[in-house]
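# Topology and contacts: notes
Chain by chain, the residues:
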Amino acid sequence: MPRDPDPPPAKRFKPGSPFFRLDKKKPGMLLPRAGHAAVGVDTQRKQLPIYQSRTQLINQIRQLHNAVFIGETGSGKTTQIPQYLYEAGIGRQGIIGITQPRRVAAISLAARVAEEKKVQLGKLVGYTVRFEDVTSSETKLKFMTDGMLLREAIGDPLLLRYTVVILDEAHERTVHTDVLFGVVKAAQRKRTEQNKIPLKVVVMSATMDVDLFSQYFNKSPVLYLEGRQHPIQIYYTKQSQSDYLQAALVSIFQIHQEAPASHDILVFMTGQEEIEALARTCRDISKHLPESCGPMTVVPLYASLPPAQQLRVFQPAPKGSRKVVLSTNIAETSITISGIKYVIDTGMVKAKRYNPGSGLEVLAVQRVSKAQAWQRSGRAGREDAGSCYRLYTEEEFDNLANMTVPEIQRYGPHTVCRVCSSASAQTLLISPEFSCAEEVLTIISLLSVDSVLYNPPARRDDVLAVRKKFISSEGDHMTLLNIYRAFKKVSGNKMNMKLESSLSDLTNVRRCLAHGLFMNAAELQPDGSYVALDTHQHVAIHPSSVLFQAKPACVLFSELLHTSRCYMRDLCLVDADWLQEAAPEYFRRKLRATKS
Ligand code: CDP
Ligand code: MG
């Protein structure tokens, strides 16, 4: 059991505790917020703690080249500051770029800000993450992963498209954000030297240790935002836990049996495997509980989960069901999940460490820092008073390191520089001597991405059965190579087709697409909109398309994306005649159906 049935005396966050400033002098700041769903976004914006300092904040930031903001998660930094700057006309000549360490945060924040500004996502407000660019020439507020801005900086070191760069979640000290510090500082200096439009750099952090950031940016002022954190009761275990997963399981069900169904639980764990395993166990157990317990909706959250599934954590559970979010440290600071009343902190995190002796990077489960533990607890007090169950003793907490060591100090130099490790480069360079450059290049490429294999937990057995075919007794590298070769063979030539190239004339390629995708065609209407020929649905060109600004008469699309509108993605210009030629009978039927 993680704790006694009789909880130990409650420990409350005190004013002056390291991360939550409950300012007694301004009691107004502590008023509970009105219920989330009951009020509109405009009212919600005005109820955020940051709103009261709006004018002061704009005046200060207008004067400054650099500023550092501290405000706890949920105070409104990320969603409001970019809007305030834009509304005050600061940085209007260019783009206000806001970086996020995580893709799911960049997407959900852009969607939220677009909603608040009542604009379509991809217009004034957009986002860019790997493999997805939802921006247009109109985009002024651009949310992006720190990795994407770094990539842009390779082509444009002065970041000339940007007038303001906001490095958000700086306390996380991700390797990309840390490198960006240097990039934006250099861009700022060079732009001033070359009399170009100045670059404003804003650093935002959820924790107080920002002196380093301030010093790095020429002792820039630190601006504090008052948060409106509700009291949180912290419980420690009486004894040290040897099995934190078991302890988490027991705690989840203890809360589930006692608390009202609307009180959601957020559990901090270390990674995909244990999260999926615990999710399965929770679902199984909850099915066999007495009816008085009510149903449970278990939602996993970890970085390698497909993006659409990551966004599921924001959906409320069905009425009467309790939401239990099992998350890695993603949910520590970058995102706000509403409804969380209980936090269970295993005290563990998976982190990468580089061993310079062996040249190896090791991913290992280790204890969190105190800073992380406080951030985790804070997730319980966003909307109302909450509780945090720390699955470790108070003494263990006291012995935690104060701060997490930044990634840049833990990662190998090749990860920081985004090149292949020295060992990989060496292998590649000598591969011609063994007449196997192609194979080595393939293997190194496959290893340089997170994972080429997707492991949907629900289809685990099927996946393992299929994968068996490729397994090589000579190890994982050879297995990967087998998979790649099989992939090349299948996707390249499934049915012994004649492989010819049309070389530079791409008309035949578009014509061929028309023959294959004729059901995904859309036609321009006299009013400038598009209608899908198959469903007669109104559709629009996605802002990420290169045809976004054009108005072609007839297009094909590979995918329809439903957000606020129905967007066509990945478009191809085609001739309407080709469609007729491809499926005359189908279009005759369509025409008859429209007439009747
Ligand atoms: O950046 P910071 O943690 O200070 O706060 P924020 O991300 O700007 O969020 C401020 C508030 O906006 C949150 O407390 C939520 O109430 C709301 N919000 C939301 O409802 N949905 C989002 N995707 C993001 C924020
Ligand atoms: Mg934020």
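Residues numbered from 1 in each chain as written. Chains lettered and ligands numbered in written order. Predicted model: local features only at pLDDT ≥ 70, side-chain atom pairs only at ≥ 80, totals over all residues. Heavy atoms only, no water.

## Re the site of ligand 1
Around ligand 1, a shell composed of 15 residues is seen, among which Gly74, Gly76, Lys77, Thr78 and Thr79 lie nearest. Within the backbone of Gly76, a nitrogen or oxygen atom sits 2.9 Å from an oxygen atom of ligand 1. Contact distances for ligand 1 include 2.5 Å between an oxygen atom and a side-chain N or O atom of Thr79. Compared with its free state, where it exposes 530 Å², ligand 1 has 91% of that area covered by protein. Elements that contribute at least two residues to the shell around ligand 1 include exactly α3 (77-87) and α4 (103-116). Its residues assigned to classes, the shell around ligand 1 shows two nonpolar, nine polar and four charged. (Near = heavy atom within 4 Å. Polar contact = N/O pair within 3.5 Å; in protein donor to acceptor, adjacent residues only side chain to side chain. Areas by Shrake-Rupley, 256 points an atom, 1.4 Å probe, with all protein chains shown as cover. Helix = DSSP H or I, 4+ residues; strand = E, 2+ residues; numbered from the N terminus. Nonpolar A, V, L, I, M, F, W, Y, C, P; charged D, E, K, R; others polar.)

## Here's the deal with empty space enclosed by the protein
The gaps of empty space that remain are located by a probe, the size of a water molecule, rolled over the atoms. On inspection of all chains with the given rule, the structure shows two cavities of 30 Å³ or more. Considering only enclosed or pocket space, the second largest cavity measures out at about 40 Å³ in volume. If you trace the second largest cavity, you find it lined by Leu266, Ala331, Ile335, Thr336, Ile337, Ile340, Arg379 and Arg382. Its residues assigned to classes, the lining of the second largest cavity comprises five nonpolar, one polar and two charged. (1 Å grid on protein atoms, 1.4 Å probe; cavity = no way out; pocket = protein on both sides within 12 Å on 5 of 7 lines; lining within 4 Å. Points joined across faces, edges and corners; volume = space filled by probe spheres on them.)

## Notes on helix α6 (residues 175-193)
Along its 19 residues, α6 runs 28 Å from first to last C-alpha, staying within 8% of the 27 Å computed at 1.5 Å per residue. After α6 finishes, the residue Asn195 shows a positive phi value of roughly 55°. (Expected span 1.5 Å × (residues − 1).)

## Notes on the packing of aromatic side chains
Across all of its chains, the model carries 12 aromatic pairs by this definition. Plain terms: the ring middles of Phe181 and Tyr216 are 6.1 Å apart, the flat faces sit at 80° to each other, and that makes the pair edge-to-face. With Phe181 in helix α6 and Tyr216 in helix α7 (residues 211-216), the pair connects residues that are 35 residues apart, well separated along the chain. Judged by its relative accessible area of 5%, Phe181 falls in the buried class. Among the residues examined, Tyr216 registers a relative accessible area of 36% and is labelled partly exposed. Relative to Phe587, the ring of Tyr586 lies with its centre 4.9 Å away and its plane at 85°, an arrangement referred to as edge-to-face. (Phe/Tyr/Trp six-rings, centres within 6.5 Å; stacked < 30°, edge-to-face > 60°. Buried < 20%, exposed > 50% of the residue type's maximum accessible area, 1.4 Å probe, protein only.)

## Things to note about the nonpolar core
In this structure, Phe69, Ile81 and Ile166 are the most contacted members of the largest nonpolar core, which totals 61 residues. It is α4 that provides the largest number of residues to this core, a total of eight residues. Non-local contacts of Ile81, meaning those with residues more than four positions away in its chain, are made with Ile50, Leu57, Phe69, Gly76, Ile166, Met204 and Leu225. Grouped together as the second largest cluster of nonpolar side chains are 25 residues, Leu249, Ile265, Tyr342 and Leu391 included. (Core = buried A, V, L, I, M, F, W, Y, C linked by side-chain atoms within 4.5 Å. Contact = heavy atoms within 4.5 Å.)

## Considerations on the pattern of salt bridges
A pair can form between side chains of opposite charge whenever their charged atoms are brought close. Counted according to the given criterion, the structure contains 22 salt bridges. Two residues, Arg569 and Glu132, come together in a salt bridge whose shortest N-O distance is 3.3 Å. Of this pair, Arg569 sits in strand β22 (residues 566-573) while Glu132 sits in strand β5 (residues 132-134), and the two are 437 residues apart along the sequence. In terms of burial, Arg569 and Glu132 fall into one category: buried. Glu152 is the salt-bridge partner of Lys142, the closest N and O atoms lying 2.9 Å from each other. Of this pair, Lys142 sits in strand β6 (residues 141-145) while Glu152 sits in helix α5 (residues 146-155), placing them 10 residues apart in sequence. The exposure class of Lys142 is buried, given its relative accessible area of 3%. Taken together, the salt bridges that share partners define one network made up of Arg45, Arg54, Glu87, Arg112, Glu116 and Lys117. (Salt bridge = Lys/Arg side-chain N within 4 Å of Asp/Glu carboxyl O.)

That's the geometry; what it means functionally is another story.
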